[in-house]
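# Summary of structural features
Below are the chains, spelled out letter by letter.
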Amino acid sequence: MNTPKISLTGVTKSYAEHHVLKGINLDIAEGSVVTLIGPSGSGKSTLLRCVNLLEPIDDGTIHLDGVDISIPGFDANPVRRRVGMVFQNFNLFPHMSVIDNITLSPIRTIGVDKALAKAKAHDLLERFGLADKAKAYPDQLSGGQQQRVAIVRALAIEPEVLLLDEITSSLDPELVGEVLDVVRELKASGMTLVLATHEMGFARDTSDV
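Scope of this entry: the structure provided in the associated data block. Going along each chain's sequence as written, the residues are numbered from 1 onward. Given that this is a predicted model, residues contribute local features only at a pLDDT of at least 70 and side-chain atom pairs are listed and counted only at 80 or more, while totals for whole chains, interfaces and linings are drawn from all residues. Hydrogen atoms and water are omitted, and side-chain values are computed over all heavy atoms in the structure.

Before going further, it helps to spend a moment on the overall build of the chain. Within the chain, the regular secondary structure consists of seven helices and eight strands. Every radius of gyration here is taken over C-alpha atoms, with the globule rule written as 2.2 Å times N^0.38, N being the number of residues. Over its C-alpha trace the chain gives a radius of gyration of 17 Å, about what one expects of a compact globule, namely 17 Å for 209 residues. Dimensions of the chain, computed from C-alpha atoms along their principal axes, come out at roughly 45 × 40 × 40 Å. For the chain, the proportion of its 209 residues judged to be buried stands at 48%. Contact criterion: two residues are considered in contact whenever any of their non-hydrogen atoms come within 4.5 Å of each other. For the chain, contacts bridging at least 24 residues in sequence account for 68% of all contacts bridging at least 6. As displayed, the chain offers around 10,300 Å² of accessible surface, 51% of which is attributable to carbon and sulfur atoms. When charges are counted, Lys and Arg are positive and Asp and Glu negative, with His and the chain ends excluded. Here the site of a charge means NZ on Lys, CZ on Arg, CG on Asp, or CD on Glu. One way to put it: in the chain the 20 positive side-chain charges average out to a point 4 Å from where the 27 negative ones average out. Labels follow the DSSP assignment, with helices taken as runs of H or I lasting at least four residues and strands as runs of E lasting at least two, numbered in each case from the N terminus. Burial status follows relative accessibility: with a 1.4 Å probe on protein chains alone, a residue under 20% of its type maximum counts as buried, one over 50% as exposed, and anything between as partly exposed. Surface accessibility in these figures is a Shrake-Rupley result with a 1.4 Å probe; residues are shielded only by whichever protein chains are displayed.

Structure follows, in structure tokens:
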């Protein structure tokens, strides 16, 4: 039996008296697309943040390729290079151009050569229809374009898994489609994806689980 790419066993998380995650068990196979659905406040975003080690869990375990990454003191940085995350509010640096937003992490955290990082960033921008936006700043982009840049930024570190947290919730309805098209392309490329979304039709069409 193949080891799941990500495996959660008995994961619990509380904030004071509010129990957000209660004994979550979930196996995510490599190359699969898993969608988390549920009302606001049901713990979808918290679960993604726990997988990315942005939040510590209270109990249970989280394994990445069979390695327990949830033990206290585990180094989160190597995990975040392998497990990228895209947030619903873009989180782009407003004072930096698109190309600088994308190349910051590969250069600073992985040590990629600046010229190589920029070349890869330009390739990703071309792939997702943003080739002419490399020198633009976030406030010069539409919401859909900003979200696509945020996805490109996450892909620039070449993660094995991508976590997508309600990435269409901040967008006007006419911009949702262009972002969902990016997710479809990522699925077609074989990337492991975990999504929290309210786009039920898209979830049905795209998800394996």
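Now that the structure is up, let's keep going.
Now for the pattern of salt bridges. Oppositely charged side chains can pair when the atoms bearing their charge come close. Any Lys or Arg side-chain nitrogen found within 4 Å of a carboxyl oxygen on Asp or Glu counts as a salt bridge. Tallied over the entire structure, the rule returns 11 salt bridges. A salt bridge links Glu158 to Lys120, with the shortest nitrogen-to-oxygen separation between them at 3.3 Å. With a gap of 38 residues between them, Glu158 in the loop between α5 (143-155) and β7 (161-165) and Lys120 in helix α4 (residues 114-127) connect regions that are remote in the sequence. Assessed through its relative accessible area of 53%, Glu158 is described here as exposed. Taking the relative accessible area as the measure of exposure, Lys120 reaches 33% and is therefore partly exposed. The shortest N-O distance in the salt bridge between Asp181 and Arg184 comes to 2.9 Å. Of this pair, Asp181 and Arg184 both sit in helix α6 (residues 173-188), three residues apart, which is roughly one turn of the helix. For Arg184, a relative accessible area of 38% translates into the label partly exposed. Shared partners join several salt bridges into a network, and the residues in it are Lys5, Asp65, Arg82 and Glu160.

Here we take up the pairing of strand β3 (residues 33-36). Here β3 shows a buried face lined by Val33 and Thr35 and a second buried face lined by Val34 and Leu36. Two elements, β3 and strand β8 (residues 192-196), share four bridges in a ladder whose sense is parallel. Across the sheet, residue Thr35 finds its bridge partner in β8, namely Leu195. Here, strands pair whenever DSSP counts at least two bridges between them.

Let us look at a nonpolar patch on the surface. Patch membership is restricted to residues that have no salt bridge and whose relative accessible area is over 30%. Joining uses 9 Å for like charges and 5 Å for the nonpolar side chains Val, Leu, Ile, Met, Phe, Trp and Tyr. Among the surface-exposed residues, Val67, Ile71 and Phe74 lie close enough to one another that they form a single nonpolar patch of about 230 Å² accessible area. Among the secondary structure elements, Phe74 is positioned in the loop between β5 (67-68) and α2 (76-82). Relative accessible area serves as the criterion here: at 30%, Phe74 is assigned to the partly exposed category.

With respect to the helices and strands, Asp68 occurs in strand β5. No salt bridge is formed by the buried Asp68; its nearest oppositely charged neighbour, Arg82, is found at 12 Å. Polar contacts involving the side chain of Asp68 include one to the side chain of Ser70, which spans 2.6 Å. Sequence-distant contacts of Asp68, that is, excluding residues within four places in its chain, are made with Thr61, Ile62, His63 and Phe74. Here a polar contact is taken to be a pair of N or O atoms separated by no more than 3.5 Å, where protein atoms must pair a possible hydrogen donor with a possible acceptor and residues adjacent in sequence count only if both atoms sit in side chains.

For the rest of this paragraph, the subject is the sheet that holds β3. Strand order in the open sheet formed by four strands is β3-β8-β7-β6, and the pairing between neighbours is parallel. With one partner strand each, in any of the chains shown, β3 and β6 (83-86) form the two edges of the open sheet. Along the sheet, successive strands turn relative to each other by an average axial angle of 15°, direction set aside. Two elements, β6 and β7, share four bridges in a ladder whose sense is parallel. Pairing of Met85 across the sheet is with Leu163, part of β7. Geometry is summarised by axes, namely lines fitted to C-alpha atoms with helices restricted to the contacting stretch, and by angles between N-to-C directions that run from 0 to 180 degrees. Against the sheet, α5 touches β6 and β7, its axis set at about 170° to β6. Across the sheet, α6 touches β3, β7 and β8, and the angle it forms with β8 is around 150°.

This part is about the packing of helix α3 (residues 98-110) against α5. The N-to-C vectors of α3 and α5 enclose an angle of 30°; their axes lie 8 Å apart at closest approach. With respect to each other, α3 and α5 are oriented roughly parallel. Here α3 and α5 pass one another in a crossing that is right-handed. Each of Val98, Asn101 and Ile102 in α3 lies in contact with α5, whose residues at this interface are Val149, Val152 and Arg153. Split by residue class, the contact of α3 with α5 holds four nonpolar, one polar and one charged. An angle below 35 degrees is read as roughly parallel, one above 145 as roughly antiparallel, one from 65 to 115 as roughly perpendicular, and any other as oblique. Put simply, a crossing is left-handed when the front helix is turned counterclockwise from the back one by less than a right angle, and right-handed when it is turned clockwise. Polar here means any residue other than Ala, Val, Leu, Ile, Met, Phe, Trp, Tyr, Cys and Pro, which are nonpolar, and Asp, Glu, Lys and Arg, which are charged; Gly is therefore polar.

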